[in-house]
Amino acid sequence: MSTSDTLDLSPTPSQTTPPPSSDRVPPLVKGLPLIGSTLPMARDPARFFARCYRDYGPVYRVNVFGNQLTVIAGAEAATFMGTREGRDCLRSREAWEPLYKEFGASKMLSAEDGEMHKALRTVMKRGFSKDAIKGRYQDMLDITRDTLLRDWTVGSQVPVVEAMQFLVVDQLGTALTGQSPREYVKDIRTTILYILNVLVTQQRPKFLMKLPRYRRAKARMLELGRQMVRDYRSKSIATPDEYKTLIDDIMDAHQRDPELIPESDLAMLMAGPYVAGLDTVANTTSAIVYTVLKHPEVLRRVQAEVDAVMDAQPINEDDYMRSMPALYGAIMETMRLYPIAVAQIRIANKDFSFGGCRIHEGEMIYLGTAVPHFQDAFYPDAEVFDIDRYARPRAEHLQPGAYSPYGRGHHTCLGKSLAEVLLMMSMAQLFYLFDLELPSPDYVLKTKTAPTPGPAMSFKVKVRARRH
Ligand code: HEM
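Residues numbered from 1 in each chain as written. Predicted model: local features only at pLDDT ≥ 70, side-chain atom pairs only at ≥ 80, totals over all residues. Heavy atoms only, no water.

The name recorded for the protein in an unreviewed UniProt entry is Cytochrome P450, from Hydrocarboniphaga daqingensis. Quoted straight from UniProt, the Cofactor (unreviewed entry) entry for the protein says "heme". (UniProt positions renumbered as here; feature names shortened; annotations may be inferred.)

Structure representation (structure tokens):
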């Protein structure tokens, strides 16, 4: 990562809510005629939002293809989302409604707020957390190893994002559902791609949903969900408590309270882990491959650490995350500079004031919670990849509102603790097993923004040799 484009993005001093009479319309970010800010936003939305914050403050409007988006950004946005006021002022339904309707379901966790959201989160909490793999870290490491050895052959150029998607499906399938539906990976990917691009972020036109490629993939994904429900029902004995997965928890809740989880929602819920975890984890692990290989001194530290931990048996689950501080720092730093959630989308639940500007009920709002990731005020030399930022006493990420890779507020990632362990396992195994090489030492990562920001699908690395 270069230091030449370091931005001075110090936050503006005060965000006190002024009386409504002094409210103004959020300033419109200057852009080109007609297309407004479409191009810089498409190129690098995270840094674009950060530049706008520097120039316009924490509230502004952006013209994207003739639509005006309202953006609330910075540490102010991140802390606002965690307050009662933020909860009252923002709702999620419209942002996600098209997704669950597309599956013929009645609701989904991301689209609900209030009591219903709490009830659904309670059902899914255990199954989505690292408790889902408690006592099974070694199994998960073995699955990770087998998948990597199959897909990353010595001498080959591996398309990193695609290979990581296969790995995630194996990991999540085993952890959350008890089986890995490899033959459905392409269908899951295609369905998620279209739904997120067209229905959720609305970056692509609606007619795409009629394409046979999408309709086939969606039908297959639903078929997988229905098959999982049938398999569950055909089991002759109930799953013992210690082996219960997310699927057991959802099916138990369906039996207990069919109004909360009706029959119509089951097929979509079975595929839920992939919708939430496929792109997020695969994009993040791919970005970590790049950042670690790009910084040879970081690679050396990571390799020394993973060699020690992977060679020690048996695995210490309680100490697993703490046992590899350099790798942990590299993951944290990559998630700061390559956040998969640049902004969270919400709807204004009522008229309210923010940063001296009036926001109207019904407006779609992008909450740019990743903006502080790029501000020197929080992270000195913010564009520099520095894995030691997170250890005390520096602990730069612990400043209020500074670090939000898993979102903010009551919709904060439910899979966070599980994702953290999976990221560590995947990276530990990869750097333990292989000696990898970027296309060239001066290679600069190409990124994509749709549907989820991350490395471009064309990103490849060479497997030079087996290390172990
Ligand atoms: C690197 C990995 C991941 C990142 C960076 C990430 C990030 C996020 C973010 C930013 C949100 C909030 C979205 C919003 O507020 O609109 C979210 C929500 C969520 N994530 Fe993750 N995620 C990751 C992995 C996972 C995994 C592996 C799972 C489970 C399989 C998961 C399950 C969920 C769920 C269920 C929600 C919805 C929570 C709710 O609405 O209450 N995530 N994630």
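Q: Tell me what's going on with the site of the ligand, and back it up with residues and numbers.
A: Near the ligand lie 27 residues; those nearest to it are His117, Arg121, Arg346, His411 and Cys413. Taken together, the elements giving at least two residues each to the shell around the ligand come down to helix H6 (114–128), helix H8 (160–177), helix H12 (266–294) and strand E5 (344–348). Ranked by the residues each element gives to the shell around the ligand, the list is headed by H12, at 6 residues. Within the shell around the ligand, the residues separate by chemical class into 15 nonpolar, 10 polar and 2 charged. (Near = heavy atom within 4 Å. Helix = DSSP H or I, 4+ residues; strand = E, 2+ residues; numbered from the N terminus. Nonpolar A, V, L, I, M, F, W, Y, C, P; charged D, E, K, R; others polar.)

Q: Now, about the coordination of the iron atom of the ligand: what can you tell me, with residues and values included?
A: With respect to protein ligation, the iron atom of the ligand binds only Cys413 (SG), at 2.3 Å. Looking at where Cys413 falls in the secondary structure, it is placed in the loop between strand E8 (364–368) and helix H15 (416–433). (Donors = N, O, S within 2.8 Å, 3.2 Å for Na, K, Ca; no water.)

Q: Kindly report on the packing of aromatic side chains, identifying the contributing residues and their values.
A: Counted by the stated rule, this structure contains 11 aromatic pairs. When the ring of Phe48 is compared with that of Phe49, the centres are 6.1 Å apart and the planes differ by 40°; the resulting orientation is tilted. A relative accessible area of 5% means that Phe48 is categorised as buried. Residue Phe49 is classed as buried on the basis of its relative accessible area, which comes to 2%. Ring geometry for Phe80 against Phe354: centres 5.0 Å apart, planes inclined by 65°, an arrangement best described as edge-to-face. Taken together, the residues Phe80 in helix H3 (residues 75–81) and Phe354 in strand E6 (residues 352–354) connect sequence positions 274 residues apart. (Phe/Tyr/Trp six-rings, centres within 6.5 Å; stacked < 30°, edge-to-face > 60°. Buried < 20%, exposed > 50% of the residue type's maximum accessible area, 1.4 Å probe, protein only.)

Q: Could you give an account of the confidence of the model for the protein, naming the residues involved and the relevant values?
A: Summary statistics for the protein give a mean pLDDT of 91 and a share of 95% for residues scoring 70 or more. Low pLDDT, under 50, characterises residues 1–14; the stretch is placed with 36 contacts to residues that sit more than four places away or in other chains. The ipTM, which scores confidence in the relative placement of chains, is 0.99 for this predicted complex, and the corresponding pTM is 0.93. (pLDDT = per-residue confidence, 0-100. Contact = heavy atoms within 4.5 Å.)

Q: An account of the pattern of salt bridges is requested, with residue identities and associated values reported.
A: For the coordinates displayed, the defined rule picks out 34 salt bridges. One salt bridge in this structure joins Arg220 and Asp187, with 2.8 Å as the shortest N-O distance. Of the two residues, Arg220 sits in helix H10 (residues 212–234) while Asp187 sits in helix H9 (residues 185–200), which places them 33 residues apart along the sequence. Each member of the salt-bridge network shares a partner with another, and the members are Glu333, Arg336, Asp386, Arg389, Arg394 and Glu396. (Salt bridge = Lys/Arg side-chain N within 4 Å of Asp/Glu carboxyl O.)

Q: Describe empty space enclosed by the protein, and please don't skip the residues or the numbers.
A: Under the counting rule described, the total for this entry stands at 4 cavities of 30 Å³ or more. The volume enclosed by the largest cavity comes to roughly 70 Å³. What lines the largest cavity is simply Met81, Gly86, Arg87, Leu90, Arg91, Ser92, Asp113, Arg346, Arg408, Gly409, His410 and His411. Residues belonging to the lining of the largest cavity are distributed by class as follows: 2 nonpolar, 5 polar and 5 charged. Approximately 50 Å³ is the volume found for the second largest cavity. What lines the second largest cavity is Lys107, Met108, Leu109, Leu120, Met124, Leu260, Ile261, Asp265 and Leu269. A breakdown of the residues in the lining of the second largest cavity according to their chemical character gives 7 nonpolar, no polar and 2 charged. (1 Å grid on protein atoms, 1.4 Å probe; cavity = no way out; pocket = protein on both sides within 12 Å on 5 of 7 lines; lining within 4 Å. Points joined across faces, edges and corners; volume = space filled by probe spheres on them.)

Q: Can you explain the sheet that holds strand E9 (residues 434–437)? Please cite residues and give values.
A: If you trace the 3 strands from one edge of the open sheet to the other, you get E4-E12-E9, paired in antiparallel fashion. Edge positions in the sheet fall to strand E4 (157–159) and E9, since each of these pairs with one other strand and no more. In this sheet, adjacent strand axes meet at a mean angle of 40° when their direction is disregarded. Relative to the sheet, H15 contacts E9 and strand E12 (460–466), its axis offset from that of E9 by approximately 90°. (Pairing = 2+ DSSP bridges. Axes fitted to C-alpha atoms, helices over the stretch in contact; angles between N-to-C directions.)

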